[in-house]
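What the coordinates show
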Amino acid sequence: MDKKVLLLLVLLFAFVLRMQNFAEVFDSQIYYYEYDPYYHMRLVEVIVEKGSRPNYDYYLNYPYGMRVDWLPLFDYILAVPGVIFGFQSSEIFAVFLPVILGVLSVFLIYLISLELVKNQKFALFSAFIYTVIPISVWRSILGFPDHHSWVVFLLLLSFYLLLKPGFWKILSGIPMLLMAFSWLGTPIYAAILAISALLSFKERELRLIAISNAIPLFSFIQQPYIAFSFLILALFLFLGSFVKSYETKIKNATIYYTLSSLFCVLLVYFLPIRTFDFLRAGINYIFGVDIYLPTISEAGQFQILDLIGSAGHIFFILAFISIFLFKNRFLISIFILSLFLSLMQVRFTEILAIPVAFLSAYTFCIILDRVEYPIFEKVEEKKRRKEKFKKKKEKKEKEIVSTKDHLVVAVFICILAIPCISMAIVPFELTRDWKEALTWMKENLENQDYLNPYEKPEYAILSWWDYGNWILYLSKKAVVCNNFQAGAEDAAKFFVAESEEEAMKLIEKRGVKYLITVDELTVRENKKTKFSAVMQIAGLNPSLMTNKEIEEYFNKTILYKLHFENAKNLTHFRLLRDFGRVKIFEVLN
């Protein structure tokens, strides 16, 4: 079958796999996947209706409000259709954008593969493997308008341009500039490419890449610290290009230079200089030095099984084998550095999926070569043979590799992909109970001036932080805490309070009029719930308690008295509506 047709089939499969949950997204209204996209859409709605994105929001961390410090480009991209045609067009665009970016990312994997190894079969295998790697699907699934799919697409585009010859390398700084206007963690991914480039490219190429890292300095107008990070990376590469010239005299000079640079970064980390607070914040973020990060599933450290699963199951194992087979220092360096990041926080598996696709495809191709299914030999022999022998060789090859062989290979790689595909298909978090509860609150609770984030509303809703963005966007109501964890400590202390008086102090402090409890917050036999995370953020240590002790403690909390006793024995709370797993309570004066 023609290679272009096979590529189109891979891209079509990538599209179909990412269109899962179509019926859930397009329900009675448009719903989004997971949590963070709801706040992106809250900002987009304000942009469309008011003309600009707010830098402060009183509907978060009520009654104090919260600064909106993250970078704006992605939100403005989502808002473009809404500004022209109305907000509903932005809602629809936001639903499909991650799928489009996901399919384009698969195509970039194909193009990068051709740059790494001039072989279309290898490129097709790489594209197919990336298509099914669970983390790559999750990041670009229908209805998931978060920055992840945009950032990964820009990273791949920069990766591709770095592999191109000559001055194309300078253009790799343009995707990085766009990323620098979209995500505060951009220097982390830029550093991976910079270190890998230093260990792989020649002096002249490194100087071109150093120039490319100067392009994101224009991000100074939005975030000076990101621009300063790129200045450091540009200098690191420029100086490294001179160190590279001493490789013939000093063995492993580049490696010593890299290690010395990392040591300097660690030294600066421990120096009490406020100018480098951004660097300390970045390192703390990578290593999860935060009270809230351990309670976030995607920030888990050393989650080996989760990492292997989300990075491709058997394909991750094949990629690991390829470290000893694939003679491409640039790709191997990216794999090792991204693996380290993923061990620090499993969320970084999104970047690990990229080298896994290439390396596992290479191992797969080596295996096929060993069983006389030609992959690389054809390219090598074409170079060695004269033009008059080409037709004879191709005819012989056609006799050796039959249609049956191609089908066997296709079935084999599909069987290897089954665990990935099954893991890539995920449930929709926003259940029917939640949809009904959020709609009821929007229609029946007192209205707030939702599109005016600078004006403090009259009351707030208290729930656990996981659900804050849902409540804010779908019910159009202010929340004490949302998915950025501000206010989570007071919410946790409220839920674990053992007396109504203690709970009411927090209610009055936070101006709460309604609150929501959920089954997932409680203690359930033989079921993993969020109550341990609630205890941890409240300042308790559930790791030192047995399951029985945790259950006994839970039975004395305000959360138990609300959710299981429906507030019958409480004076200041009453059950307003019961939606099954979700319950809404009103605070009584």
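Rules used throughout
Residues numbered from 1 in each chain as written. Predicted model: local features only at pLDDT ≥ 70, side-chain atom pairs only at ≥ 80, totals over all residues. Heavy atoms only, no water. Helix = DSSP H or I, 4+ residues; strand = E, 2+ residues; numbered from the N terminus. Rg over C-alpha atoms; globule rule 2.2 N^0.38 Å. Buried < 20%, exposed > 50% of the residue type's maximum accessible area, 1.4 Å probe, protein only. Contact = heavy atoms within 4.5 Å. Areas by Shrake-Rupley, 256 points an atom, 1.4 Å probe, with all protein chains shown as cover. Lys, Arg positive; Asp, Glu negative; His and termini not counted. Charge placed at Lys NZ, Arg CZ, Asp CG, Glu CD. Axes fitted to C-alpha atoms, helices over the stretch in contact; angles between N-to-C directions. Parallel < 35°, antiparallel > 145°, perpendicular 65-115°, else oblique. Left-handed = near helix turned anticlockwise from the far one by under 90°. Nonpolar A, V, L, I, M, F, W, Y, C, P; charged D, E, K, R; others polar. Phe/Tyr/Trp six-rings, centres within 6.5 Å; stacked < 30°, edge-to-face > 60°. Lys NZ or Arg CZ within 6 Å of the ring centre and 35° of its normal. Pairing = 2+ DSSP bridges. Core = buried A, V, L, I, M, F, W, Y, C linked by side-chain atoms within 4.5 Å. Disulfide = S-S within 2.5 Å.

What the protein chain contains, in helices and strands, is 29 helices and six strands. By the compact-globule yardstick of 25 Å for 589 residues, the protein chain fits well, its C-alpha radius of gyration being 27 Å. Along the first, second and third principal axes, the C-alpha set of the protein chain runs to 95 × 60 × 55 Å. Across the 589 residues in the protein chain, those meeting the buried criterion constitute 56%. Taking as baseline every contact in the protein chain between residues at least 6 positions apart, the subset at least 24 positions apart corresponds to 72%. A total accessible area of about 27000 Å² is found for the protein chain, and carbon and sulfur atoms account for 62% of it. The protein chain carries 62 positive and 56 negative side-chain charges, and their two centres are separated by 12 Å.

Turning our eyes to something else, we now look at the packing of helix α17 (residues 314-322) against helix α18 (residues 329-344). Think of two packed helices as two axes; the pair is described by the angle between the axes and how far apart they sit. The N-to-C vectors of α17 and α18 enclose an angle of 125°; their axes lie 11 Å apart at closest approach. When the axes of α17 and α18 are compared, the pair comes out oblique. Where α17 crosses over α18, the two elements pack in a sense that is left-handed. In this structure, α17 uses F316, A319, F320 and S322 to contact α18, whose residues at the interface are I332, F335 and L339. Its residues placed into classes, the contact of α17 with α18 shows six nonpolar, one polar and no charged.

A complete count under the given rule lists 47 aromatic pairs for this structure. Ring geometry for W183 against Y189: centres 4.9 Å apart, planes inclined by 55°, an arrangement best described as tilted. Y189 gets classed as buried once you look at its relative accessible area, which sits at 1%. Each ring, one from W464 and one from W465, has its centre 6.3 Å from the other, and the planes form 45°; the classification is tilted. Taken together, the ring pairs connect Y32, Y35, Y38, W434, Y467, W470 and Y473 into an aromatic cluster. Stacked on the ring of Y59, the Lys or Arg R42 has its end atom at 5.2 Å from the ring centre. The ring of F242 has R207 sitting right over it, with the charged end atom 4.6 Å from the ring centre.

Attention now moves to helix α25 (residues 488-496). Here α25 lies mainly inside the structure; seven of its nine residues are buried. Looking only at α25, the buried set comprises A488, D490, A491, A492, F494, F495 and V496.

With that settled, consider the sheet that holds strand β4 (residues 512-518). Note on sheets: strands pair through backbone hydrogen bonds, and any given pair is parallel or antiparallel. Reading across from one edge, β3-β4-β6-β5 is the order of the four strands in this open sheet, with mixed pairing throughout. Bordering the open sheet on either side are β3 (460-462) and β5 (573-578), each of which pairs with just one other strand. Each strand axis lies, on average, 30° off the axis of its neighbour in the sheet, ignoring direction. Bridge analysis of β4 against strand β6 (residues 582-587) gives five bridges, and the strand direction is antiparallel. The residue of β6 that forms the bridge with V518 is V582. Across the face of the sheet, helix α23 (residues 432-444) comes into contact with β3, β4, β5 and β6 while running at roughly 30° to β6.

In terms of nonpolar packing, the biggest core is built from 200 residues, with F315, W434, W464, F494 and F573 touching the most fellow members. For this core, the element with the highest residue contribution is helix α19 (residues 349-370), accounting for 14 residues. By size, the runner-up hydrophobic cluster in this structure holds five residues, among which are I170, F181, L208 and I215.

So, on to the environment of L178. Within the secondary structure, L178 sits in helix α10 (residues 173-180). Overall, the relative accessible area of 32% leaves L178 in the partly exposed class. Those residues in contact with L178, other than ones at most four positions away along the chain, are L73, W150 and L154.

On to the state of the cysteines, then. Scanning the entire structure with this criterion turns up zero disulfides. Summary of cysteine pairing: C420 is not part of a disulfide, and the nearest cysteine sulfur, belonging to C414, is at 12 Å.

Residues lying three or four places apart along an α-helix face the same way, a consequence of the helix completing one turn every 3.6 residues. All buried positions along helix α15 (residues 277-287) are accounted for by F278, L279, R280, I283 and I286. Among the structural elements, α11 (186-200), α13 (224-244), α14 (253-270) and α18 are those in contact with the buried residues of α15. Positive backbone phi, approximately 70°, marks G288, located one or two places after α15.

A separate point is the packing of helix α6 (residues 120-132) against helix α22 (residues 403-424). Packing of α6 against α22 leaves a shortest axis separation of 8 Å and a crossing angle of 25°. One way to sum up the angle between α6 and α22 is to call them roughly parallel. Only V409, I413, C414, A417, C420, I421 and A424 of α22 make contact with α6, whose side of the interface consists of F125, F128, I129 and V132. The class makeup of the residues in the contact of α6 with α22 is 11 nonpolar, no polar and no charged.

Further remarks concern the side chain of S158. Following the sequence through the fold, S158 ends up in helix α8 (residues 147-163). When residues no more than four places from it in sequence are discounted, the contact partners of S158 are S172, P175, M176 and L193.

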